2 protein chains.
Amino acid sequence: MNARQDVINGDLLVEDSRITALGSNITASADKVYDLQGDFLIPGLIQTHVHLCQTLFRGQADDLELLDWLRWKIWPLEGGHDPESIYDSALLGIGELFLGGTTTIVDMETVHHTEHAFQAILDSGIRALSGKVMMDEPGGGVLPSLQESTEDSLQESVDLFEKYHGQGNGRLEVAFTPRFVISCTDALLKEVSRLAREKNAFVHTHASENRSEVRVVEETRGMHNVVYLDRVGLTGPRLILAHCIWLDDEEKEILVRSRTRIAHCPSSNLKLASGVAAIPELLKRGAEISLGADGAPCNNNLDAFVEMRHAALIQKPFCGPTAMPAREVFALATIAGARAIGHEHDLGSLEVGKKADLAVVSRQGLHNWPNEGVDVYSQLVYQARSSDVRLTMVDGRIVMEERRLLTIDVPRLKESARRSLERVRRRVGLN
Amino acid sequence: MNARQDVINGDLLVEDSRITALGSNITASADKVYDLQGDFLIPGLIQTHVHLCQTLFRGQADDLELLDWLRWKIWPLEGGHDPESIYDSALLGIGELFLGGTTTIVDMETVHHTEHAFQAILDSGIRALSGKVMMDEPGGGVLPSLQESTEDSLQESVDLFEKYHGQGNGRLEVAFTPRFVISCTDALLKEVSRLAREKNAFVHTHASENRSEVRVVEETRGMHNVVYLDRVGLTGPRLILAHCIWLDDEEKEILVRSRTRIAHCPSSNLKLASGVAAIPELLKRGAEISLGADGAPCNNNLDAFVEMRHAALIQKPFCGPTAMPAREVFALATIAGARAIGHEHDLGSLEVGKKADLAVVSRQGLHNWPNEGVDVYSQLVYQARSSDVRLTMVDGRIVMEERRLLTIDVPRLKESARRSLERVRRRVGLN
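Small disclaimer: the values here were computed from a predicted structure and weren't measured.

Structural notes on the overall build of chain A
Here comes step 1: For chain A, the helix and strand inventory stands at 16 helices and 17 strands.
Here comes step 2: In summary, chain A has a C-alpha radius of gyration of 21 Å against a globular reference of 22 Å for 431 residues, a match within 12%.
Here comes step 3: Within chain A, the proportion of its 431 residues that are buried is 65%.
Here comes step 4: The long-range share in chain A, meaning contacts at least 24 apart out of those at least 6 apart in sequence, stands at 74%.
Here comes step 5: Just so you have it, chain A exposes about 14400 Å², and 48% of that area is on carbon and sulfur atoms.
Here comes step 6: Taking the average place of the 47 positive charges on the side chains of chain A and the average place of its 61 negative ones, the gap between the two points comes to 1 Å.

Laid out in structure tokens, this is it:
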């Protein structure tokens, strides 16, 4: 898939971390040659909103709405993390992402131990824009284990940025990551806005996911959520906002005008009973939309194929059968994701000079057969499954081949993750 | 899973086609012993609405509403079938179903060549309630290739019933299968009603899937769709109605009172832009609901795990996060499916004396790990994927083991299906 989403029959040459040739007339001698036998070679999938630190808590918080889900389950569990459990949680999520062809994520960690998630990102080979969560607003049900002062929150975020931004051959970038307006003071958000401009850094947060959330923002800030984010100077092409379901007309216009990046999370929006985001309307207005699975406890998968199929299907009963066609949805999970993180020049499509972030998707399964007359994007969005992914490459390095993870010791991780969950649950009084 | 949905830690003994012991104290010598190592042994999944004859047309009819989808794509393609393409289409669907743990289906074939689909059902070992589609109403865009007289339609349906009902050790049962009210005459539906009562047979049809469909029924019959089905004597515990989205209060009451079986098809309802069926309300009223993937060209999978997850998630934004909990959804795909086809005494749960229709679901994948404190039904509905199914057994016979189909020659089927699709497409002018 190149920038015009053409489907090309041919070969692709990778040298070091880049694509250096593409097409039917490549003459090169390569160390390794893969015969894909008619399978699909696609750009690595990009998910612009996940929480690696929550992977360990999959299935621990079902059937709750956002604020209860946070206060009763997710905040206590995040507060129970230790360095090792953060590392295991991140690696568990990354393994699942690689097995499903995701090569790049925008990640939100928790308040503490973020450097251990960064270590998992660096060790595994995934590409990530990640940051420590910021929560300096006292009250609102935040436990002492997650409460931090404004100064500490800012200082730690800056320290992480200085130390880790650009590490791993540029694979790890660091963002400022306030959780959402409710859990942040006005002072913190204004300083984040100033710092992000100063350092040309991204800001990644949640907005307008849930009706109770936007009501609280209106009560405490005296204005609508996105209007407030605009007033404190956060909106713009370096702000990534997850969800954006409950927006009025003025807020939609602010997001479009400011080119703020919207991370659409269809499964999570359904499972937390948040709502159905007006994505077709936002796209028509010119909004910048990409896709993400969100965290494991509100999904309960981290599967870009599931999110693509949901993003397409969920809109059709409301907007008609041609809403969100497969080709457009596939772009949301690739080139639009690259644009969201300012990497459209080197990620999100298969073109000479771009980074070798890619995946091979089998079309040999009975559920993909036969193919004559079937649109490639229909196959990728409506039919294909993460279990069809045969190979995943990030930055020119193969991280998964024939369903085996090459950068993660799976038996060791599983045993360590089991013990980590046990420890966290004990620490927060769950067993 | 027994009738109370208890989760039991223990062993299960199969002799011939039945479960003969269950629990932790079985003393028996078996020909084969499987160590499931903590994986899930579940009742075989039951899908109460599929179209095996359409599997070959997956991806040939995307992004259309029901009536256009039928008239422009599906009816011409069905009319282009030959005996071999029907057989291949059925076998292709059955292979995918086995790989996803589905052991029983309620199937709707097309007008012609139904005996060849029956042959695929008998050869493969799946359990099915199936029938030839009936379409005797001239007009409405039906092509000559599918048009049949009332007499021929009835006679052929009766002949198929007499010849095939109960074949394959009872695995194949035959239903009367009018397509939907629009494509059937009043005379045909009344005679189907009489015949079904006489033979104690099931009737399987579509109803109230689409707003244009219910409008046409109201114009031609002068009453609402389900009221009409009730008047011609079809409603009752031996009628399976697929979809049931556009119902008024009176129609809901008729369905509940008559104990008519409703086959809910969440993916198909989304993809054809049909709507979101009011399943939580119908369940509360006491309606009989089960699940189905519908045909491959309106889904585009035949995956009970996808349908379970959709059935749960799609309702939550409208009915709250506790709507359609995992445990209840899993019952829809098992014991409720058994009840839908009058087999609750011998299918749909793992109990001594019931048929050995079952599946083994791995929980070893990173996306299922770790499990401590996670509800089993949450794992099955929110996390698990069809690719997690390790073994599928129908009627005591293993039909899939470690992702290999044991009753289907896959390379031969793939080549034959490829040629069949080519033939059908050529016949209807598509290449």
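Looking at the pairing of strand S13 (residues 288–291) of chain A
All names here are of chain A.
Here comes step 1: Side chains Glu288 and Ser290 of S13 all project onto a buried face; the interleaved residues Ile289 and Leu291 project onto the opposite face, where all are buried too.
Here comes step 2: In this sheet, S13 lies alongside strand S12 (residues 261–264) in parallel orientation, the contact comprising four bridges. Among the inter-strand pairings, histidine 264 is bridged to a residue of S13, identified as leucine 291.

Description of the interface of chain B and chain A
Here comes step 1: The interface of chain B with chain A comprises 60 residues on the first partner and 60 residues on the second.
Here comes step 2: Together chain B and chain A conceal approximately 5100 Å² of surface at their shared face, both sides included; 56% is due to carbon and sulfur atoms.
Here comes step 3: Between the two partners, chain B and chain A, sit eight salt bridges.
Here comes step 4: Note that arginine 425 of chain B is salt-bridged to glutamate 372 of chain A, the shortest N-O span being 3.7 Å.

Topic: the relation of the copies chain B and chain A
Here comes step 1: You can overlay chain B on chain A at an RMSD of 0.0 Å; the transform is a turn of 180 degrees with a shift of 0.0 Å along its axis. Interpreted geometrically, this transformation is the action of a two-fold axis. Judged by C-alpha distance, serine 387 of chain B is the residue of chain B that lies nearest the rotation axis, at 3.3 Å.
Here comes step 2: When the interface residues of chain B are mapped onto chain A, 100% of them again lie at the interface, so the same face is used by both copies.

Some thoughts on the environment of proline 144 of chain A
Residue and element names in this part refer to chain A.
Here comes step 1: Take proline 144: it is sitting in the loop between strand S7 (133–134) and helix H4 (150–164).
Here comes step 2: The class for proline 144 is exposed, based on a relative accessible area of 72%.
Here comes step 3: Separated by 68 residues in the primary sequence, proline 144 and proline 76 have C-alpha atoms spaced 9.5 Å apart.

Looking at the pattern of salt bridges
Here comes step 1: A full pass over the atoms with the stated rule returns 66 salt bridges over all chains.
Here comes step 2: Across the pair arginine 58 of chain A and glutamate 96 of chain A runs a salt bridge, and its minimum N-O distance is 2.8 Å. A residue pair is termed long-range when its members are at least 10 positions apart, and arginine 58 of chain A in the loop between strand S4 (45–50) and helix H1 (66–79) and glutamate 96 of chain A in helix H2 (residues 83–99) qualify at 38 residues. Here arginine 58 of chain A and glutamate 96 of chain A have matching classes, each one buried.
Here comes step 3: Here arginine 423 of chain B makes a salt bridge to aspartate 82 of chain B, at a shortest N to O gap of 2.8 Å.

Examining the packing of helix H11 (residues 304–313) of chain B against helix H15 (residues 376–383) of chain B
Residue and element names in this part refer to chain B.
Here comes step 1: Axis separation between H11 and H15 bottoms out at 7 Å; the angle between their running directions is 105 degrees. Classified by the interaxial angle, the pair formed by H11 and H15 is roughly perpendicular. Counting all contacts with H11, which are made through Phe305, Met308, Arg309, Ala312 and Leu313, the residues of H15 involved are Leu380, Val381 and Tyr382.

Quick look at the side chain of aspartate 62 of chain B
Here comes step 1: Note that aspartate 62 of chain B resides in the loop between strand S4 (45–50) and helix H1 (66–79).
Here comes step 2: Overall, the relative accessible area of 17% leaves aspartate 62 of chain B in the buried class.
Here comes step 3: Polar contacts involving the side chain of aspartate 62 of chain B include one to the side chain of lysine 271 of chain B, which spans 2.7 Å.
Here comes step 4: Within the local environment of aspartate 62 of chain B, its side chain forms a polar contact with the side chain of asparagine 300 of chain B, the two groups lying 3.1 Å apart.
Here comes step 5: The contacts of aspartate 62 of chain B, once residues within four sequence positions are left out, are Ser378 and Tyr382 of chain A together with Lys271 and Asn300 of chain B.

A look at empty space enclosed by the protein
Here comes step 1: Scanning all chains against the criterion turns up eight cavities of 30 Å³ or more.
Here comes step 2: Quantified by volume, the largest cavity comes out at close to 290 Å³.
Here comes step 3: Listing elements by their share of the lining of the largest cavity, those giving two or more residues are helix H11 (304–313) of chain A together with H11 of chain B.
Here comes step 4: Here the lining of the largest cavity is composed, by residue class, of six nonpolar, 10 polar and six charged.

Comments concerning the sheet that holds strand S5 (residues 102–108) of chain A
Residue and element names in this part refer to chain A.
Here comes step 1: A sheet is described by the order of its strands in space; here four strands give the open sequence S4-S5-S6-S8, paired in parallel fashion. At either end of the open sheet lies a strand with only one pairing partner, and these are S4 and strand S8 (172–174). Going from strand to strand, the sheet's axes swing by 15 degrees on average, the running direction of each strand aside.
Here comes step 2: Pairing between S5 and strand S6 (residues 127–131): five bridges, direction parallel. Paired with methionine 108 across the two strands is glycine 131, which belongs to S6.

Describing the side chain of glutamate 213 of chain A
Residue and element names in this part refer to chain A.
Here comes step 1: Among the structural elements, glutamate 213 can be located in helix H6 (residues 211–221).
Here comes step 2: We note that glutamate 213 is buried and unpaired, the nearest opposite charge coming from arginine 211 at a distance of 10 Å.
Here comes step 3: Of note is the side chain of glutamate 213, whose polar atom sits 3.1 Å from the backbone nitrogen of asparagine 210.
Here comes step 4: Discounting chain neighbours no more than four positions away, the residues touching glutamate 213 are Leu66, Leu67, Phe180, Ile182, His206, Ala207, Ser208 and Asn225.

Concerning the sheet that holds strand S16 (residues 397–401) of chain B
Residue and element names in this part refer to chain B.
Here comes step 1: Read across the sheet, five strands follow the order S3-S14-S15-S16-S17 without closing on themselves; strand pairing throughout is antiparallel. The two strands at the open ends of the sheet, each matched to only one other strand, are strand S3 (40–43) and strand S17 (404–405).
Here comes step 2: Here strand S14 (residues 358–361) runs beside strand S15 (residues 389–394); their pairing, made up of four bridges, is antiparallel. Bridge pairing in S15 links leucine 358 to methionine 393.

Things to note about unusual backbone geometry
In terms of backbone geometry, most residues other than glycine have negative phi values and most peptide bonds are trans.
Here comes step 1: The step from asparagine 299 of chain A to asparagine 300 of chain A runs through a cis peptide bond, and the omega angle for that step is 5 degrees.
Here comes step 2: Turning to its location among the elements, asparagine 300 of chain A is positioned in the loop between S13 and H11.
Here comes step 3: You will see that glutamine 37 of chain A, though not glycine, has its phi angle at about 50 degrees, which is positive.
Here comes step 4: Residue placement: glutamine 37 of chain A occurs in the loop between strand S2 (18–23) and strand S3 (40–43).
Here comes step 5: Accessibility expressed as a relative area gives 59% for glutamine 37 of chain A, which makes it exposed.
Here comes step 6: Residues other than glycine seldom take positive phi values, yet histidine 113 of chain B does so here, at roughly 65 degrees.

Quick look at the UniProt feature "domain: Amidohydrolase-related" (unreviewed entry) in chain A
Here comes step 1: Under the feature "domain: Amidohydrolase-related" (unreviewed entry), the UniProt entry names residues 40–399 of chain A.
Here comes step 2: For residues 40–399 of chain A, helix accounts for 41% and strand for 17%, while the C-alpha atoms at its two ends are 18 Å apart.

A closer look at the packing of aromatic side chains
Here comes step 1: Evaluated as defined, the whole model comprises nine aromatic pairs over all chains.
Here comes step 2: Ring centres of phenylalanine 118 of chain A and tyrosine 164 of chain A lie 5.0 Å apart, and the angle between their planes is 70 degrees; on these two criteria the pair is classed as edge-to-face. Note that phenylalanine 118 of chain A is positioned in helix H3 (residues 114–124) and tyrosine 164 of chain A in helix H4, a separation of 46 residues in sequence.
Here comes step 3: Here phenylalanine 118 of chain A falls in the buried class, since its relative accessible area comes to 0%.
Here comes step 4: In this structure tyrosine 164 of chain A comes out as buried when scored by relative accessible area, which is 9%.
Here comes step 5: Taken together, a centroid distance of 6.5 Å and an interplanar angle of 80 degrees make the contact between tryptophan 75 of chain B and phenylalanine 180 of chain B edge-to-face. You can see tryptophan 75 of chain B sitting in helix H1 and its partner phenylalanine 180 of chain B sitting in the loop between strand S9 (177–178) and helix H5 (186–199), a full 105 residues away along the chain.
Here comes step 6: When its relative accessible area of 2% is taken as the criterion, tryptophan 75 of chain B is described as buried.

Rules and cut-offs
Residues numbered from 1 in each chain as written. Chains lettered and ligands numbered in written order. Predicted model: local features only at pLDDT ≥ 70, side-chain atom pairs only at ≥ 80, totals over all residues. Heavy atoms only, no water. Helix = DSSP H or I, 4+ residues; strand = E, 2+ residues; numbered from the N terminus. Rg over C-alpha atoms; globule rule 2.2 N^0.38 Å. Buried < 20%, exposed > 50% of the residue type's maximum accessible area, 1.4 Å probe, protein only. Contact = heavy atoms within 4.5 Å. Areas by Shrake-Rupley, 256 points an atom, 1.4 Å probe, with all protein chains shown as cover. Lys, Arg positive; Asp, Glu negative; His and termini not counted. Charge placed at Lys NZ, Arg CZ, Asp CG, Glu CD. Pairing = 2+ DSSP bridges. Buried area = accessible area lost by both parts, 1.4 Å probe. Salt bridge = Lys/Arg side-chain N within 4 Å of Asp/Glu carboxyl O. Least-squares fit on C-alpha atoms with pLDDT ≥ 70 in both. Axes fitted to C-alpha atoms, helices over the stretch in contact; angles between N-to-C directions. Parallel < 35°, antiparallel > 145°, perpendicular 65-115°, else oblique. Polar contact = N/O pair within 3.5 Å; in protein donor to acceptor, adjacent residues only side chain to side chain. 1 Å grid on protein atoms, 1.4 Å probe; cavity = no way out; pocket = protein on both sides within 12 Å on 5 of 7 lines; lining within 4 Å. Points joined across faces, edges and corners; volume = space filled by probe spheres on them. Nonpolar A, V, L, I, M, F, W, Y, C, P; charged D, E, K, R; others polar. UniProt positions renumbered as here; feature names shortened; annotations may be inferred. Phe/Tyr/Trp six-rings, centres within 6.5 Å; stacked < 30°, edge-to-face > 60°.

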